[in-house]
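The primary structure of each chain is shown beneath.
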Amino acid sequence: MTQAAYLRMEGLSKAYPGVVALRGARLEARRGEAVALMGANGAGKSTLMNVLGGVTLPDEGSVTIDGAAVHLRSPREALAHGIAFVHQELAMLPSMTVAENVFADGFPTRFGVVDSARMHREATTLLARLGCNLPTGRLVETLGPGDRQMVEIARALRRAPRIMIFDEPTSSLTSREKARLFDIVQGLKRDNVAIIYITHFVDEIFEICERVTVMRNGATVADRAIAQTSPADVVHLMLGEADSAERLADASTGPGPVVLDVANLSGGLLRDINLTVSAGEVVGLWGLLGSGRTELVRALIGLDPIESGTLRWRADSELQPITPANLHRIAGVVTEDRRGEGLLLPLTTRANLSLTSLRSLLYAFGVIDRGKEERLATDMIGQMHIKVSGSGQTVGTLSGGNQQKVVVGRWLATNPRLFLLDEPTRGLDVGAKTEILKLTAALAHAGAAVLVISSEPEELLRICDRYLVMSRGRITAQLPGTANRTDLLAAVAAAPTPSRAA
Ligand SMILES: Nc1ncnc2c1ncn2[C@@H]1O[C@H](COP(=O)(O)OP(=O)(O)OP(=O)(O)O)[C@@H](O)[C@H]1O
Ligand SMILES: [Mg+2]
């Protein structure tokens, strides 16, 4: 049964200097239903939701809730209309506790004093609804991205919202956390909440949404019932073309000399890691979240201490010992946490793109060659299709996916011979994912050695020449480039799981 829309956003426009973010966009949401808001990176999804959240004032357009026009001039006014927002880029207070973050927009008080006991009790209850038993006294800075996401969702739930916005909520969740989130979404629907759900995982929306609205270039191009559409339709509407899942690299013609050689590496979770990556080869590091994939990359680049082991890399013709600290300088590294480790948000796109190439941009006397810097930036923006008004746009104002492209792009600019890529496509739309995967394959083709982590077997299958399977901090199997999806899944299933670890 279709009911009348509870929320109606119409004719919304918003321009920034040099960028039109919204062009007459519209969106409807119904109580007890979830509507998926889909669109390529930079399409305007977050901006439209920022309007609803009172974060961004539109130039034109109207918002009505339950038939009445509303003015959303601040997040506080949005809250007063029952609108809660789980943001794409988490807005946490890292040096405060879990409970304080849940109650960040208003602590409970008793006789004018913060009622700390009640705050912790209620935070515990809210988190328990999410199936999450984090100690509420823990500092948020000690939490991983998945747990931080749970804290942010608990904060939104606290207000018993009537409209709930999720902006890419699953990009940092494990599959178990994701299952819990889906339960929460179903529960909110039963409570008659209207849900707006943004994601780049097309399959998710067929699981939990009733409708789908698609945006392209700031405008709404479709609004349909999920039952009357297919994943291929959605991708086609988003990109104006079909995406294919074809393999991007031919099975390697045989790798060149070893570029990275790791022997008997142990430290933290990691136990006795032996691996090599050769020139011209893409090696996929495959395993469940928590199997040690990210830890391995972190240990290699010196972010986590190692206890023992030998690391060598091919400088000119010889394999030479490396310290993790200098690997950081010789390898192109993309980490999971682009905002924490990756980008300088207040600086321009140009400055961020040239960051790692600074040395090659200097004149002999140490002054930056601005012309060269600009050419490098313009090249990368073109090559990666980064959506900016110009190379001078501040990185903090790019859409989430376009920020990720800047992280990848600035490494490409340095032409390193070794790449360590941890979830390089996270937060990217399906079209941009394919672009990054193509670039990865092209890097290897040009002779670089690539070690890549992805949680999506479909992605690895398109580019890898070889797979290393990880579990409980060890490499438990190796699979050839001819392995298929079933082989990868079987390799993980056969390995002991982290939760069974002693
Ligand atoms: N404060 C701002 N100043 C300048 N431009 C902005 C600002 N906020 C957003 N934009 C621009 O508006 C456009 C739409 O961005 P938005 O964040 O809404 O995209 P999105 O659909 O959420 O993309 P993604 O999937 O990558 O998160 C982008 O080109 C972005 O650079
Ligand atoms: Mg966004």
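As the structure is a prediction and not an experimental result, all values here were calculated from the model.

Scanning the model with the defined rule gives 19 salt bridges in all. A salt bridge links E307 to R271; the nearest nitrogen and oxygen atoms lie 3.8 Å apart. Highlighted residues: E307 in the loop between α9 (293-300) and β16 (308-314) and R271 in strand β14 (residues 270-278), separated in sequence by 36 residues. Beyond isolated ion pairs, a larger network of salt bridges with shared partners links R8, E28 and R30.

So, on to helix α1 (residues 45-52). Along α1, seven of the eight residues are buried, which leaves the element largely enclosed by surrounding structure. Of all the positions in α1, only K45, T47, L48, M49, N50, V51 and L52 are classed as buried.

A few words now on the sheet that holds strand β5 (residues 68-70). Spatial ordering of the open sheet is given by β2-β1-β4-β5, a layout of four strands whose pairing is antiparallel. Pairing within the sheet leaves two strands with one partner each, and these edge strands are β2 (19-29) and β5. For this sheet, the mean inter-axis angle between neighbouring strands, taken without regard to orientation, is 30 degrees. As paired elements, strand β1 (residues 7-16) and β2 share seven bridges and run antiparallel to each other.

Note: β1 against strand β4 (residues 60-65), five bridges, orientation antiparallel. Among the inter-strand pairings, S13 is bridged to a residue of β4, identified as E60. Following β1, the chain reverses through two residues before pairing antiparallel with β2; G18 in that reversal takes a positive phi of roughly 80 degrees.

Looking now at the packing of aromatic side chains. Summed over all chains, the structure comprises one aromatic pair. Centre to centre, the rings of F166 and Y197 are 6.1 Å apart; their planes meet at 55 degrees, and the pair counts as tilted. In this pair, F166 sits in strand β9 (residues 163-167) while Y197 sits in strand β10 (residues 194-198), placing the two residues 31 residues apart along the sequence. Between the NZ or CZ atom of R31 and the centre of the ring of Y6, over which it lies, the distance is 4.6 Å.

Considered domain by domain, the protein chain is made up of domain 1 (7-239), domain 2 (245-331 + 416-502) and domain 3 (343-415). Taken together, the 17 residues of domain 2 in the interface contact twelve residues of domain 3. For the pair domain 2 and domain 3, the two sides together bury roughly 1000 Å², of which 68% comes from carbon and sulfur. A per-residue breakdown of the area domain 2 buries against domain 3 is headed by P416, E435 and L439, which together make up 41% of the total. Taken together, the connections running from domain 2 to domain 3 amount to one salt bridge. Measuring nitrogen to oxygen at the nearest pair gives 3.9 Å for the salt bridge that ties K405 to E435. Here domain 2 is connected to domain 3 by one residue pair in polar contact (both at pLDDT 80 or more). Among the secondary structure elements, those contributing two or more residues to the side of domain 2 that touches domain 3 are α10 (324-330) and α16 (430-445).

Attention now goes to the site of ligand 1. Neighbouring ligand 1 are 21 residues, the closest being G42, K45, T47, S399 and G401. Within the contact set of ligand 1, a nitrogen atom lies 3.2 Å away from a side-chain nitrogen or oxygen of Q393. Taking 650 Å² as the accessible area of ligand 1 by itself, protein coverage stands at 89%. For the shell around ligand 1, the leading source of residues is α1, giving three residues. Tallied by class, the residues present in the shell around ligand 1 amount to six nonpolar, twelve polar and three charged.

A few words on helix α15 (residues 400-412). Its 13 residues give α15 an end-to-end C-alpha distance of 19 Å, which sits within 8% of 18 Å, the value for a rise of 1.5 Å per residue. Counting buried residues along α15, 13 of its 13 residues qualify, which places the element largely inside the surrounding structure.

Spatial ordering of the open sheet is given by β18-β19-β20-β15-β21-β22, a layout of six strands whose pairing is mixed. The open sheet terminates on both sides in strands that have one partner only, identified here as β18 (332-334) and β22 (474-480). The mean inter-strand angle of the sheet, taken between neighbouring strand axes irrespective of direction, is 15 degrees. By the bridge criterion, four bridges tie strand β15 (residues 282-286) to strand β21 (residues 466-471) in an arrangement that is parallel. Looking at β21, one finds that L285 is bridged to L468. Taken strand by strand, α9 contacts β15, β19 (418-422), β20 (449-453) and β21, and its axis lies near 140 degrees from that of β20.

Below, the discussion takes up the side chain of K14. For K14, the location among the structural elements is in strand β1. Given a relative accessible area of 13%, K14 falls into the buried group. Leaving out residues up to four positions away in the same chain, K14 has contacts with V20, A21, L22, T47, T56, L57, P58 and D59.

Further remarks concern the nonpolar core. In this structure, L296, L300, L418 and L420 are the most contacted members of the largest nonpolar core, which totals 72 residues. Lining this core are residues from two domains, each supplying at least three of them: domain 2 (245-331 + 416-502) and domain 3 (343-415). Ignoring any residue separated from it by four or fewer positions in sequence, one finds L418 in contact with V259, L260, W313, L327, I330, A331, G332 and A449. Among the nonpolar cores identified, the runner-up in size contains 49 residues, and M38, C132, A154 and I195 belong to it.

The rules behind these values
In this numbering scheme, every chain counts its residues from 1 along its sequence in written order. Each chain is given a letter, starting from A, and each ligand a number, starting from 1, according to the order in which they appear as written. Residues qualify for local features only when their pLDDT is at least 70, as the model is predicted, and side-chain atom pairs are given and counted only at 80 or more; totals for whole chains, interfaces and linings, by contrast, use all residues. Working from all heavy atoms in the structure, the side-chain values ignore hydrogens and water. Put simply, a salt bridge is a Lys or Arg side-chain nitrogen that is within 4 Å of an Asp or Glu carboxyl oxygen. Strands are runs of DSSP state E lasting at least two residues, helices are runs of H or I lasting at least four, and both sets are numbered from the N terminus onward. Burial classes follow relative accessibility: with a 1.4 Å probe on protein chains only, a residue under 20% of its type's maximum area counts as buried, one over 50% as exposed, and anything between as partly exposed. Here, any two strands with at least 2 DSSP bridges between them count as paired. Here the axes come from fitting lines to C-alpha atoms, over the contacting stretch only for helices, and the angles between their N-to-C directions go from 0 to 180 degrees. Each pair of aromatic rings taken from Phe, Tyr and Trp, with Trp reduced to its six-membered ring, is defined by centres within 6.5 Å and is described as stacked if the planes are under 30 degrees apart, edge-to-face if over 60, and tilted in the remaining cases. Lysine and arginine charges are scored as sitting over a ring when NZ or CZ, respectively, is within 6 Å of the ring centre and within 35 degrees of the ring normal. Start and end positions for the domains come from either an automated domain assignment or a database one. When checking whether two residues touch, look at their non-hydrogen atoms; a contact exists if any pair is within 4.5 Å. The term buried area refers to how much accessible surface (probe radius 1.4 Å) is lost by two components on association, counted for both of them together. We define a polar contact as two N or O atoms separated by no more than 3.5 Å, with the added condition that, inside protein, one atom must be a possible hydrogen donor and the other a possible acceptor, whereas residues neighbouring each other in sequence contribute only through side-chain atom pairs. One heavy atom within 4 Å of a molecule or strand is enough for the residue carrying it to be called near that molecule or strand. To measure how exposed things are, a 1.4 Å probe is used in the Shrake-Rupley method; for residues, cover is taken only from the protein chains shown. Under the convention adopted here, Pro, Cys and the residues Ala, Val, Leu, Ile, Met, Phe, Trp and Tyr are nonpolar, Asp, Glu, Lys and Arg are charged, and Gly plus all remaining residues are polar. Given a helix with a known number of residues, its expected span is that number minus one, times 1.5 Å. In these notes, a set of buried Ala, Val, Leu, Ile, Met, Phe, Trp, Tyr and Cys residues joined through side-chain atoms within 4.5 Å is what counts as a nonpolar core.

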